[in-house]
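Overview (structure and organization)
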Amino acid sequence: MARILLVEDEPLVAHMVRRMLERAGHQVDWAPSGEAALEKLGQAYDLVVCDLIMPRVSGLEVIRQVRAQGSTPVLALSASVSAKSQGEAMAAGAQAFLGKPFEGQALLALVERLLAGA
């Protein structure tokens with residue numbers, strides 16, 4: 001069981017992702033904003049799943065802070081699937097990118113890959 005921080009400002013999306021991850025056996029903490037995520041980063045997580053587009057503190061800033069604090073893998077999520085968005089996420093420190101909407105199996109496969117260190 002991995003401990004995952006889910007950073008997502010859309011409650012319905014957060015609920016769906018959280019349920020999928022918990023059904024896969026993981027413990028999930030939800031941060032409904034970038035600010036809430038930054039407050040939780042002092043805790044130890046095996047993975048951060050982070051939406052990019054959020055008000056005030058963006059997902060890119062959250063990813064930069066995760067990277068500044070260590071090597072926790074990050075999966076970036078975004079409704080903007082442009083090459084620019086993907087490039088920005090990777091430059092900020094994300095190891096993987098998944099565009100919304102996405103299939104549950106695609107999310108779980110990326111999560112497992114990142115947790116395995118691949």
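The coordinates are above.
What comes next concerns the included structure. Please read all numbers here as calculations on a predicted model, not as lab measurements.

Glancing now at the pairing of strand S3 (residues 47–51). For S3, the tally of buried residues reaches five of five residues, placing the bulk of the element in the interior. Here S3 shows no split at all, with Leu47, Val49 and Asp51 on one side and Val48 and Cys50 on the other all buried. Two strands pair when backbone bridges link them, and strand S1 (residues 3–7) and S3 are joined in this way by four bridges, in the parallel orientation. Of the residues in S3, the one forming a bridge with Val7 is Cys50. Bridge analysis of S3 against strand S4 (residues 74–78) gives four bridges, and the strand direction is parallel. If you follow Val48 over to S4, its bridge partner there is Val74. Taking the sense of rotation as the criterion, the β-α-β connection linking S3, helix H3 (residues 59–69) and S4 turns out right-handed.

Quick look at the nonpolar core now. Grouped together as the largest cluster of nonpolar side chains are 22 residues, with contacts concentrated most on Val7 and Ile63. For this core, the elements supplying multiple residues, two or more each, are S1, helix H2 (34–40), S3, H3, S4 and helix H4 (83–92). For this core, the element with the most residues is H3, which contributes four residues. Look past the residues within four positions of Val7 in its chain and what remains in contact with it is Ala31, Ser33, Ala37, Val48, Val49, Cys50, Asp51, Met54 and Val62.

Rules used in this analysis
Residues numbered from 1 in each chain as written. Predicted model: local features only at pLDDT ≥ 70, side-chain atom pairs only at ≥ 80, totals over all residues. Heavy atoms only, no water. Buried < 20%, exposed > 50% of the residue type's maximum accessible area, 1.4 Å probe, protein only. Helix = DSSP H or I, 4+ residues; strand = E, 2+ residues; numbered from the N terminus. Pairing = 2+ DSSP bridges. Right-handed = clockwise from strand over helix to strand, strands pointing away. Core = buried A, V, L, I, M, F, W, Y, C linked by side-chain atoms within 4.5 Å. Contact = heavy atoms within 4.5 Å.

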